[in-house]
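So the chains spell out like this:
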Amino acid sequence: MSEFERYFAEVVRKRRRDAIKLIVVSSLFVVAGVVIVVGPGHPIGLLCLLFFGGCLLVGIAQLIGEERLVGRVLLVAAAGATAVGCAFCALLESLGVPVIGGWRYAPGFTIPAFAIGALFYGAAAVIGLIRLVRFVRGDWARTPARSRRRRR
């Protein structure tokens with residue numbers, strides 16, 4: 001085995017370990033979110049469930065491989081789930097339901113923070129969906145027609 005092959009094998013093992021760590025930690029937070037939603041019924045559990053559910057999907061996508069169709073679909077689903085979670089929490093905060101309670105509760109901060117999160121993750125979901133469609137159609141590696149015209 002050459003030095004390059006050993007290095008590549010080590011990189012692959014490290015990515016796999018990192019993906020497994022992300023899956024384990026995210027799963028713990030997803031379970032905690034379910035317990036919080038089902039038990040006391042606090043809305044922070046829903047945020048925890050959706051956000052770390054998205055992280056769990058990202059970990060599974062990394063384990064499967066982002067170059068596969070299933071991995072790409074999971075990444076789009078993760079961004080969409082996180083965007084929905086942030087948008088829902090921004091809506092709850094704007095209706096007066098405190099998602100983050102206690103001494104840290106500040107609607108002037110939490111509503112914009114959740115809205116910005118929904119905006120960024122929503123944009124990531126849309127961009128990921130566009131890239132997914134291009135990947136499925138097979139034209140993801142081609143340069144856009146506009147940039148081909150400029151080269152001539």
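It should be noted that the structure appears before, not after, this text.
Residues numbered from 1 in each chain as written. Predicted model: local features only at pLDDT ≥ 70, side-chain atom pairs only at ≥ 80, totals over all residues. Heavy atoms only, no water.

1. Let's talk about the nonpolar core
Soluble globular proteins tend to pack their nonpolar side chains together in the buried interior. Counted only if it meets this: In this description, a nonpolar core means a group of buried Ala, Val, Leu, Ile, Met, Phe, Trp, Tyr and Cys residues linked to one another through side-chain atoms lying within 4.5 Å. For every residue, the accessible area (1.4 Å probe, protein chains only) is compared with the maximum for its type, and the residue is labelled buried under 20%, exposed over 50%, or partly exposed between those bounds. For this analysis, residues touch if any pair of their heavy atoms sits within 4.5 Å.
One finds Leu47, Cys89, Ala90, Leu92, Val99 and Phe114 forming the largest nonpolar core, which totals 6 residues. The residues touching Ala90, leaving out its near neighbours within four places in the chain, are Ile111, Phe114 and Ala115.

2. Focus on the environment of Leu129
Quick reminder of the rule: Each helix is a run of H or I in the DSSP string that is no shorter than four residues. Each strand is a run of E no shorter than two, and both are numbered from the N terminus.
Here Leu129 lies in helix 4 (residues 107–137). For Leu129 and Leu75, which are 54 residues apart along the polypeptide, the C-alpha to C-alpha distance reads 9.2 Å.

3. Observations regarding the packing of helix 2 (residues 43–64) against helix 3 (residues 69–94)
When two helices pack together, their arrangement is given by the angle between the helix axes and by the axis-to-axis distance. This is how the line gets drawn: Only the stretch in contact is used when a helix axis is fitted, and all axes are lines through C-alpha atoms; the angle between N-to-C directions ranges over 0 to 180 degrees. Here is the rule for angles: anything less than 35 degrees is roughly parallel, anything more than 145 is roughly antiparallel, 65 through 115 is roughly perpendicular, and the remaining ranges are oblique. Handedness of a crossing follows from how the near helix is turned relative to the far one, being left-handed for an anticlockwise turn of less than a right angle and right-handed for a clockwise one. Charged residues are taken to be Asp, Glu, Lys and Arg, nonpolar residues to be Ala, Val, Leu, Ile, Met, Phe, Trp, Tyr, Cys and Pro, and polar residues to be all remaining types, Gly included.
Taken N-terminus to C-terminus, the directions of helix 2 and helix 3 make an angle of 165°; their axes are 8 Å apart at the nearest point. The angle between helix 2 and helix 3 falls in the class roughly antiparallel. The crossing of helix 2 and helix 3 is left-handed. Here the residues of the contact of helix 2 with helix 3 sort into 20 nonpolar, 4 polar and no charged.

4. Thoughts on the packing of helix 1 (residues 3–38) against helix 2
Relative orientation of the contacting elements helix 1 and helix 2 amounts to 160°, with a least axis distance of 7 Å. Taken together, the axes of helix 1 and helix 2 lie roughly antiparallel to each other. Seen along the crossing, helix 1 lies across helix 2 with a hand that is left-handed. Class assignment of the residues belonging to the contact of helix 1 with helix 2 gives a composition of 19 nonpolar, 7 polar and 1 charged.

5. Regarding the packing of aromatic side chains
In plain terms, the rule: Under the pairing criterion, centres of Phe, Tyr and Trp rings, with the six-membered ring standing for Trp, must be within 6.5 Å; the plane angle then separates stacked pairs below 30 degrees from edge-to-face pairs above 60, leaving the rest tilted. Distance and angle both matter: a charge sits over a ring if NZ of Lys or CZ of Arg is within 6 Å of the ring centre and within 35 degrees of the ring normal.
The tally for this structure, following the rule as stated, stands at 4 aromatic pairs. Ring geometry for Phe51 and Tyr121: centres 6.4 Å apart, planes at 80°, overall edge-to-face. Note that Phe51 is positioned in helix 2 and Tyr121 in helix 4, a separation of 70 residues in sequence. Phe51 gets classed as partly exposed once you look at its relative accessible area, which sits at 28%. The exposure class of Tyr121 is partly exposed, given its relative accessible area of 32%. The rings of Phe29, Phe51, Phe52 and Tyr121 are connected pair by pair, giving a single aromatic cluster. Above the face of the Phe135 ring, Arg72 is positioned so that its terminal group lies 4.1 Å from the ring centre.

6. Comments concerning the environment of Ala113
By secondary structure assignment, the location of Ala113 is in helix 4. The class of Ala113 is partly exposed, set by a relative accessible area of 34%. Counting along the chain gives 24 residues from Ala113 to Cys89, while the straight-line C-alpha distance between them is 9.9 Å.

7. Quick notes on a nonpolar patch on the surface
Put simply, the test is: Only residues whose relative accessible area exceeds 30% and that form no salt bridge are eligible for patches; like-charged ones are grouped when within 9 Å, while nonpolar side chains (Val, Leu, Ile, Met, Phe, Trp, Tyr) are grouped when within 5 Å. Per-residue and other accessible areas were derived by the Shrake-Rupley procedure at a 1.4 Å probe size, with only the shown protein chains allowed to occlude residues. Throughout this description, the term salt bridge denotes a Lys or Arg side-chain nitrogen within 4 Å of a carboxyl oxygen of Asp or Glu.
A contiguous nonpolar surface patch, about 340 Å² in accessible area, is contributed by Ile20, Val24, Leu28 and Leu63. Structurally, Val24 can be placed in helix 1. Classification of Val24 as partly exposed rests on a relative accessible area of 47%.

8. A look at helix 1
The condition is simple: Expected helix span is given by 1.5 Å per residue-to-residue step, counting one fewer step than there are residues.
With 36 residues, helix 1 ought to run about 52 Å at 1.5 Å a step, and its terminal C-alpha atoms sit 52 Å apart, in line with that. Listed in full, the buried residues belonging to helix 1 are Ala19, Ile23, Ser26, Val30 and Gly33. In this fold, the buried residues of helix 1 make contact with helix 2.

9. A closer look at the pattern of salt bridges
According to the stated counting rule, one finds 3 salt bridges in the structure shown. Put simply, Arg17 and Glu10 hold a salt bridge, and the shortest N to O gap is 3.6 Å. Overall, Glu10 belongs to the partly exposed group, its relative accessible area being 36%. Linking Asp18 and Lys14 is a salt bridge whose minimum nitrogen-to-oxygen distance equals 3.0 Å. Note that Asp18 and Lys14 are positioned in helix 1 at a spacing of 4 residues, about one turn of the helix. Judged by its relative accessible area of 32%, Asp18 is partly exposed. When its relative accessible area of 45% is taken as the criterion, Lys14 is described as partly exposed.

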